[in-house]
Structure formats: C-alpha cells, structure tokens
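Residue-level structure breakdown
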Amino acid sequence: MQAPPKTRPAVIGLTGAIAAGKSSALGALERLGARTLSSDETVHELLTDPEVAAILHERWGEGAVPDGEVDRRRIGSIVFSDPAELAWLEGVLHPRVGERTQRWRSELPAGTELAVVEVPLLFEAGLESSFDATLVIAASDELRAERAGARGTG
C-alpha cells in the first residue's frame, strides 16, 4: 500500500508597516494552529551568529561589535543614517534570512495545513510570488507612531 503524497501547506506572507501589529497578528495565527516564522526574530538570531558578527566587525569595527557581540543600537545608528550602509547590511542579512526561511518551510511537519511567515518588507523585496497569499496588517499613522514611541523605535 502506497502512502498518500504529502500535501504542501498553504503559506501566507504576513506584512505591514512598522508598529502596525504584525507580531500580534502572527501570534494570533499561531494560537489558531498555524505554524509561524518571524523574519525579525530570524534577523535577531543571525545577529548572534559569530560569522555575521565577524562580517559586521570587519565593516564597522569594534564599536559595532564590542567583545564579539553585535551592538544592535550602534548598528541601527549606522544604517538608518546612511542608505548605502543599510543596503550593504541588507545584502548580508537578507540572503541568510531567505535560506533559513526555505529550510523552515522544507522542515514543516507532515500534516501542516497553514504556515505564516512575517516579512516586514515583503513587497519591497519582491517576495510576493513566494507565497500562496499575502496578509497586510494596517493601522493608522497615529496608532503606529504611538506604538513605535512606546517601544523606542519611533
């Protein structure tokens, strides 16, 4: 008797502006049974990777990676004041995020019906064709500014 073919889960790309509520939406979908992956969390994990830390140290020196640990605040001050440096950092991180996302998708357990990947720059990165559907989380500019200010990102 032949086993039925493994069915591929539906994969949704979740996106939206900063402080729109993507993380809350991702958490709600996970509580409802979806398998979830946060690109932001993947980036945070990558920033603890010694290989990535070494690359950033080579580019920006000890001040950006004191004692081998990435100083995210310092990196932010560098890249958000210089678009060329942001583009360079994205060139380092985005392929690694893509590799980890592909690996995560390939390792989804059998029987997974729905998988959701939170990707803040989904459309900007041209990733919409990577998903069966996209879900855009929106909030007013006022609410987003309030949320971003409350967490120190505004």
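A brief report on the enclosed structure follows.

Calculation notes
- Residues numbered from 1 in each chain as written.
- Predicted model: local features only at pLDDT ≥ 70, side-chain atom pairs only at ≥ 80, totals over all residues.
- Heavy atoms only, no water.
- Salt bridge = Lys/Arg side-chain N within 4 Å of Asp/Glu carboxyl O.
- Helix = DSSP H or I, 4+ residues; strand = E, 2+ residues; numbered from the N terminus.
- Buried < 20%, exposed > 50% of the residue type's maximum accessible area, 1.4 Å probe, protein only.
- Core = buried A, V, L, I, M, F, W, Y, C linked by side-chain atoms within 4.5 Å.
- Contact = heavy atoms within 4.5 Å.

Focus: the pattern of salt bridges
What the rule picks out here adds up to six salt bridges. The salt bridge partner of Arg100 is Asp49, with a shortest N-O separation of 3.9 Å. Of the two residues, Arg100 sits in helix α5 (residues 83-106) while Asp49 sits in the loop between α2 (39-46) and α3 (50-60), which places them 51 residues apart along the sequence. Given the relative accessible area of 24%, Arg100 is considered partly exposed.

Remarks on the nonpolar core
Grouped together as the largest cluster of nonpolar side chains are 16 residues, with contacts concentrated most on Leu56, Trp60, Val70, Ile75, Leu89 and Leu93. Among the secondary structure elements, those contributing two or more residues to this core are α3, α4 (72-79) and α5. Excluding residues that lie within four positions of it along the chain, Trp60 makes contacts with Ile75, Ile78, Val79, Glu85, Trp88 and Leu89. In terms of nonpolar packing, the next biggest core, distinct from the first, is built from nine residues, Val11, Trp104, Ala115 and Val119 among them.

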